[in-house]
Amino acid sequence: MFSDRKEHTRHSRHVTRGPRWKALRMQALDRDGWQCVECGSHHRLECDHVEPVRTHPHLAYVLSNLQILCASCHTHKTRIEVGLAPLNPKRHEWRNFLKNPLKY
């Protein structure tokens, strides 16, 4: 069923542990106004590395390499990074509408 699916290794696992990461994550949340920088959602926020740790390990703890994304936007970005097809634009638009209907 998933024969075309590539294995995804979470290279940032070793980075996202400990007090240093927690403090940096809080700085990114404060900087980005506790909302997703892509869609503006305030739900299920995640701290994302703009340049992935797997290719840029030296940027793992650099605040300017972090952005706050909701879980949906983070999944969308990660799918593209690991080589999977992005969501159909109509489906992505529908998801955004469901998250924030007043924006449309």
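Refer to the structure printed above.
The following paragraphs examine the structure supplied in this document. This is a predicted model, so every value here is computed, not measured. Residue numbers here run from 1 along each chain, matching the order of that chain's written sequence. With pLDDT at 70 or above as the cut-off, local features in this predicted model cover only qualifying residues; side-chain atom pairs require 80 or more to be listed or tallied, and sums for whole chains, interfaces and linings still use all residues. Each side-chain value is worked out from all heavy atoms of the structure, with water and hydrogens disregarded.

### A word on the overall build of the protein
Here is step 1: Under the scheme used here, helices are H or I runs from DSSP no shorter than 4 residues and strands are E runs no shorter than 2 residues, and both carry numbers assigned from the N terminus. Per the secondary structure count, the protein includes 3 helices and 2 strands.
Here is step 2: Reading the secondary structure of the protein in the N-to-C direction produces α-β-β-α-α.
Here is step 3: The buried share among the 104 residues of the protein stands at 31%.
Here is step 4: By definition in these notes, contact holds between two residues if any of their heavy atoms fall within 4.5 Å. A separation threshold of at least 6 residues defines the contact pool for the protein, and within that pool the share at least 24 residues apart is 59%.
Here is step 5: Reported accessibility uses the Shrake-Rupley method at a 1.4 Å probe radius. Residues are deemed covered only where the shown protein chains occlude them. By element, 55% of the accessible surface of the protein is carried by carbon and sulfur atoms, the whole surface being about 7400 Å². For every residue, the accessible area obtained with a 1.4 Å probe (protein chains only) is divided by the maximum for its type, and the residue is called buried under 20%, exposed over 50%, and partly exposed between those limits.

### Looking at the nonpolar core
Here is step 1: In plain words, nonpolar cores are sets of buried Ala, Val, Leu, Ile, Met, Phe, Trp, Tyr and Cys residues tied together by side-chain atoms within 4.5 Å. Counting residues in each nonpolar core, the largest one holds 16 residues, and the members touching the most others are Cys 36, Cys 47, Leu 66, Ile 68 and Cys 73.
Here is step 2: Secondary-structure elements contributing two or more residues to this core are helix H1 (19-31), strand S1 (45-49) and strand S2 (66-70).
Here is step 3: Apart from residues no more than four positions distant in its own chain, Ile 68 is found in contact with Ala 28, Leu 29, Asp 32, Gln 35, Cys 36, Val 37, Leu 45, Glu 46 and Cys 47.

### What about unusual backbone geometry?
Here is step 1: One non-glycine residue, Trp 34, lies in positive phi territory at about 55°.
Here is step 2: Position of Trp 34 relative to the elements: it lies in the loop between H1 and S1.
Here is step 3: At Arg 44, a position not held by glycine, the phi torsion is positive, near 50°.
Here is step 4: Relative to the helices and strands, Arg 44 is located in the loop between H1 and S1.

### A closer look at a nonpolar patch on the surface
Here is step 1: The grouping of Trp 94, Phe 97 and Leu 98 at the surface amounts to a nonpolar patch, some 320 Å² of accessible area in total.
Here is step 2: Structurally, the position occupied by Trp 94 is in helix H3 (residues 89-99). Patches draw on residues past 30% relative accessible area with no salt bridge. Two like charges within 9 Å are joined, as are two nonpolar side chains (Val, Leu, Ile, Met, Phe, Trp, Tyr) within 5 Å. Within this document, salt bridges are pairs made up of a side-chain nitrogen of Lys or Arg and a carboxyl oxygen of Asp or Glu, the two lying within 4 Å of each other.

### Considerations on the pattern of salt bridges
Here is step 1: Taken as a whole and judged by the stated rule, the model has 3 salt bridges.
Here is step 2: For the salt bridge of Asp 48 with Lys 77, the shortest nitrogen-to-oxygen distance reads 3.0 Å. Residue Asp 48 is found in strand S1, and its partner Lys 77 is found in helix H2 (residues 71-81); the two are separated by 29 residues along the sequence. Side by side, Asp 48 and Lys 77 carry an identical accessibility label, which is buried.

The analysis is restricted to geometry; functional conclusions fall outside its scope.
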